[in-house]
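Chain and residue survey
Residues per chain, in single letters:
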Amino acid sequence: RKEVEQDPGPFNVPEGATVAFNCTYSNSASQSFFWYRQDCRKEPKLLMSVYSSGNEDGRFTAQLNRASQYISLLIRDSKLSDSATYLCVVNIRNQAGTALIFGKGTTLSVSS
Amino acid sequence: EPEVTQTPSHQVTQMGQEVILRCVPISNHLYFYWYRQILGQKVEFLVSFYNNEISEKSEIFDDQFSVERPDGSNFTLKIRSTKLEDSAMYFCASRPLANEQFFGPGTRLTVL
């Protein structure tokens, strides 16, 4: 079973649309959760951390369900600049040096 | 805003040659990482480094790989005898005490 699974997409949406991405993780010992954004041939950039209570940053809302081992990202009012690959990332332990485990990413394309 | 930097941006080498990829982490960060991403695939953890020693390494990080922090600013990844399958983007990342890791722009390694 893959450690972090995401629907690869692509999700093709018009500007202004609301789009949601889902992710599941296999290791119940996962402690920290993130969404990163990656543009084509660029480095992953941290979009937001995901907290148990859920959190929002502008048009972006992240949710975590530990019981179901499920993470989501909601993007409201999509912009052309939101077009990218969204990476679901987990960290198994909150110790020094612990690796991030990446999903393969979900591709979003926002069109005018 | 401080950033992780990496050099070179693109390295082309012959199979069997040694390469050294260089990174300058963010100055007050304590933990350093190398990841790689083969074209079209997910980001994969290679190694983490803290307090001048390796904290954790993946099965990819075999005897052909080594890391070093030769001075107070640089963090290097050496591949002793490159193979065709080492062709990938190599990302350096660093983090402070908090959980979030920040990635450099990457070095594209092409092994011919």
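Computed from a prediction, not measured in an experiment: that's the story for all the values here.

Okay, the sheet that holds strand β7 (residues 65–68) of chain B next. All names here are of chain B. Overall, antiparallel pairing links the four strands, which are arranged β1-β3-β8-β7 in an open sheet. Sheet topology places β1 (5–7) and β7 at the edges, where each strand pairs with a single neighbour. Shown here is a sheet whose adjacent strand axes are inclined to one another by a mean of 20°, direction ignored. Here β7 pairs with strand β8 (residues 75–79) via four bridges, running antiparallel. Across the sheet, residue Glu 68 finds its bridge partner in β8, namely Thr 76.

All names here are of chain A. Tracing the backbone through its elements, the reader meets Ser 68 in the loop between β7 (60–65) and β8 (70–75). Residue classification places Ser 68 among the partly exposed residues on the basis of a relative accessible area of 48%. For the pair Ser 68 and Ser 81, spaced 13 residues apart in the sequence, the C-alpha separation amounts to 31 Å.

So, on to the nonpolar core. With 25 residues, the main nonpolar core has Trp 35 and Ile 71 of chain A as its most contacted residues. Every element with two or more residues in this core is listed here: β3 (19–25), β4 (32–38), β5 (44–50), β7, β8, β9 (84–91) and β11 (106–111) of chain A. Formed by 22 residues, the second largest nonpolar core is a distinct cluster that contains Val 47, Phe 61, Phe 75 and Leu 77 of chain B.

Here the focus is the environment of Leu 47 of chain A. Following the sequence through the fold, Leu 47 of chain A ends up in strand β5. Non-local contacts of Leu 47 of chain A, meaning those with residues more than four positions away in its chain, are made with Trp 35, Tyr 36, Arg 37, Asp 57, Phe 60, Leu 73 and Tyr 86 of chain A.

Bringing the interface of chain B and chain A into the picture now. In this complex, chain B contributes 24 residues to the contact, which on the side of chain A involves 22 residues. Both sides together, the interface formed by chain B and chain A hides about 1800 Å², and carbon and sulfur atoms give 53% of it. When the buried surface of chain B facing chain A is broken down by residue, Lys 42, Asn 99 and Phe 103 of chain B rank first, second and third, together holding 26% of it. Where chain B touches chain A, the interface holds zero salt bridges. The set of elements that each furnish at least two residues to the side of chain B that touches chain A consists of β4 (31–37), β5 (43–50), β6 (53–57) and β9 (88–95) of chain B. When grouped by side-chain class, the residues that make up the side of chain B that touches chain A number 11 nonpolar, eight polar and five charged.

The rules behind each value
Residues numbered from 1 in each chain as written. Chains lettered and ligands numbered in written order. Predicted model: local features only at pLDDT ≥ 70, side-chain atom pairs only at ≥ 80, totals over all residues. Heavy atoms only, no water. Pairing = 2+ DSSP bridges. Helix = DSSP H or I, 4+ residues; strand = E, 2+ residues; numbered from the N terminus. Axes fitted to C-alpha atoms, helices over the stretch in contact; angles between N-to-C directions. Buried < 20%, exposed > 50% of the residue type's maximum accessible area, 1.4 Å probe, protein only. Core = buried A, V, L, I, M, F, W, Y, C linked by side-chain atoms within 4.5 Å. Contact = heavy atoms within 4.5 Å. Buried area = accessible area lost by both parts, 1.4 Å probe. Salt bridge = Lys/Arg side-chain N within 4 Å of Asp/Glu carboxyl O. Nonpolar A, V, L, I, M, F, W, Y, C, P; charged D, E, K, R; others polar.

Take it as geometry only, folks, not as evidence of what the structure does.
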